[in-house]
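If you want the building blocks of each chain, they are given just below.
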Amino acid sequence: MSTSLERAQLWLSDAYDAETRIAVQALIDTNPTELDDSFYRDLEFGTGGMRGIMGVGTNRLNKYTLGSATQGLANYLHQEFPSKEKSVAIAYDVRHNSDKFAKMVADVLTANGIKVYLFESFRPTPELSFTVRHLGCDAGIVLTASHNPPIYNGYKVYWNDGAQIVPPHDKAIIANVGNVKVDEIKFEGNDDLITYIGKEIDEAFINACVENGSFTKEGKEDIKIVFTSIHGTAVAITPTAFEKAGFTQVHQVPEQAIPSGDFPTVVSPNPEEPEALTMAVDLANAIGADVVIGTDPDADRVGVATRNNDGDIVLLNGNQMNTVLAYYLLEKWQEAGKLTGKEFIGSTIVTSDIFYDIASKFGVDCKVGLTGFKWIADMIRTFEGKEKFIGGGEESFGFMVGDFIRDKDSVTTALLVSEIAAVAKANGSSLYNKLIDIYVGIGKAYQEDLISIVKPGKEGAELIANMMVDFRLNAPKELAGSKVIRVKDFQSSIEKNLITGEEKMIYIPKSNVLIFYTEDGSKVACRPSGTEPKIKYYFSVSADLQTKENYIEVQKNLLAKIEQLKVDFNK
Ligand SMILES: O=P([O-])(O)O[C@H]1O[C@H](COP(=O)(O)O)[C@@H](O)[C@H](O)[C@H]1O
Ligand SMILES: [Mg+2]
């Protein structure tokens, strides 16, 4: 394997433009650490596409890494569909360079004779997934790094069903990308092959979201909602969707309705960080709102906060939000007589096990995939025509309602969660109480939490890899005073019962993930993030819950248990 310096020297050839060569030379001359980090590896497709810091280098997002990825995709499309006229839809978010990168990517495709539908300005990621299906495209691309910091950008790739690519397509595209030499990238586009899209698609998309995310008008004029797009793409769509769905009291956070790749009013534009919703919560307190909803820059993630029984606004975690959403959808399908036993909800290995309880209550299946909504979308494809997908989610903030969009979708989710809150309020309850009702209904309360430890750069990646190796070599025997009785290793595809020694195969694709189960029912999953330089630990605990009145006490104990569990991992 060549060194970072050798790899960097290749970028000094004439095949690269002058600006790039100057920047690479400057790294070689003055910044060995940055040079190493920029060139020590190639960017890869992770959980949510290819993401990287913008800059020169093989491990950075730039004209050449995006160019070769797109040339590889074009080559693969020609291989897969040799005789048909091909088309690709392209969207982009509000980040720095996203618009320029989108046009550049469009040029590479048209230079390869592929027709492009390019959004005229920024749009949500779920709208792109919808568009691929709506226009019958062969693939789709979004230029976005989701909620990552402003220095990042990225490239999400969708196949013709509107789902992000999984094997074999991702591996095949990467293999094609690996064969692309820089002078083979066709940068000279053909504008005649570009069709700009916008308003008509927005209308179709919003109508589809409203149709799939609305079951009733009850309470929609009485619920007060604060919505923030956190400087991202949802601003162009979600307020209209709310209006069309019948909500009349939606208040936007004005400062955050301004699109900006600097995300100037937040530390991180990630609704999973409570700080990202501070301004929205302040506004909600000022105007007495019932619900707070915030979306990430590419509007696939959505955070929801609601009032607890003391009137304080509390942030629901991803599992709690997904619990309420999945349960409501199942209730609606049941009421409509649409549950036949051939339906399923989707989850991933880091989703709370409450999804199994909910599925069994309604007599549907709960399918489990690897982390990432692309694996939930994969289930829909696999069971298409045989079993019907109702909805799906995981630990992270976001949900997928039905199969018309094959990625998590904050727009439909925002409508649905607001409807649940509206109906609850109209019946003297609340979103918060709906969650507790579900726990009481299944006889068990759940609590989850997540720690993400950031380890940046090449050194960080090595540290994280070593931490996972260490967990395998020295697996914990006890967690928070309870014996570890079962371990699932998704890399070796083996589940081991530590009491009986029995081993079982795990039948989902391999991934670097470990899950430990303790005697008292706690579950801890460990995995390196596939989108950011982080290692993640997911905690899930549960306890019996018979009455609503006991919830606060039970929850307090569960939270204390999670704190105990965290001690072993927070290093
Ligand atoms: O970042 P997004 O909004 O595109 O979302 C993507 O990445 C998240 C974080 O993945 P990881 O834990 O590997 O960092 C996943 O949970 C999510 O399913 C996926 O769609
Ligand atoms: Mg996102």
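If you're wondering where the values come from, they're calculated on a predicted model, not measured in any experiment. (Residues numbered from 1 in each chain as written. Chains lettered and ligands numbered in written order. Predicted model: local features only at pLDDT ≥ 70, side-chain atom pairs only at ≥ 80, totals over all residues.)

Caption draft 1: Representation of the site of ligand 1. Neighbouring ligand 1 are 18 residues; T47, G48, S396, S529 and G530 lie closest to it. Its residues placed into classes, the shell around ligand 1 shows one nonpolar, ten polar and seven charged. (Near = placed C-beta within 6 Å. Nonpolar A, V, L, I, M, F, W, Y, C, P; charged D, E, K, R; others polar.)

Caption draft 2: Fine view of the nonpolar core. Within the largest apolar cluster, 153 residues are counted, with the highest numbers of intra-cluster contacts made by I90, V105 and V292. Here the element with the most residues in this core is helix α14 (residues 410–426); it accounts for ten residues. With near-sequence residues (within four places) excluded, V292 lies in contact with V226, L277, A280, V281, A284, A305 and I313. Y16, L27, F39 and Y64 belong to the second largest nonpolar core, which has nine residues in total. (Core = buried A, V, L, I, M, F, W, Y, C linked by C-beta atoms within 7 Å. Buried ≥ 20, exposed ≤ 12 C-beta atoms within 10 Å, placed from the backbone. Helix = DSSP H or I, 4+ residues; strand = E, 2+ residues; numbered from the N terminus. Contact = placed C-beta atoms within 7 Å.)

Caption draft 3: The domain arrangement of the chain, seen in detail. The assigned domain composition of the chain is domain 1 (41–197), domain 2 (204–311), domain 3 (320–410 + 438–442) and domain 4 (444–567). Here domain 2 and domain 3 have C-alpha centroids that lie 23 Å from each other. If you look at the interface, domain 2 gives 14 residues, while domain 3 gives twelve residues. For the side of domain 2 that touches domain 3, the elements supplying multiple residues, two or more each, are α8 (199–212) and β11 (302–307). A per-element tally of the side of domain 2 that touches domain 3 places β11 first, with three residues. Considering only residue class, the side of domain 2 that touches domain 3 consists of seven nonpolar, four polar and three charged. (Domains from an automatic or database assignment.)

Caption draft 4: Examining the UniProt feature "domain: Alpha-D-phosphohexomutase alpha/beta/alpha" (unreviewed entry) in the chain more closely. Per the UniProt annotation, the sites labelled "domain: Alpha-D-phosphohexomutase alpha/beta/alpha" (unreviewed entry) are residues 44–178, 204–307 and 317–437. Here residues 44–178 runs as 39% helix and 23% strand, with 11 Å between its end C-alpha atoms. (UniProt positions renumbered as here; feature names shortened; annotations may be inferred.)

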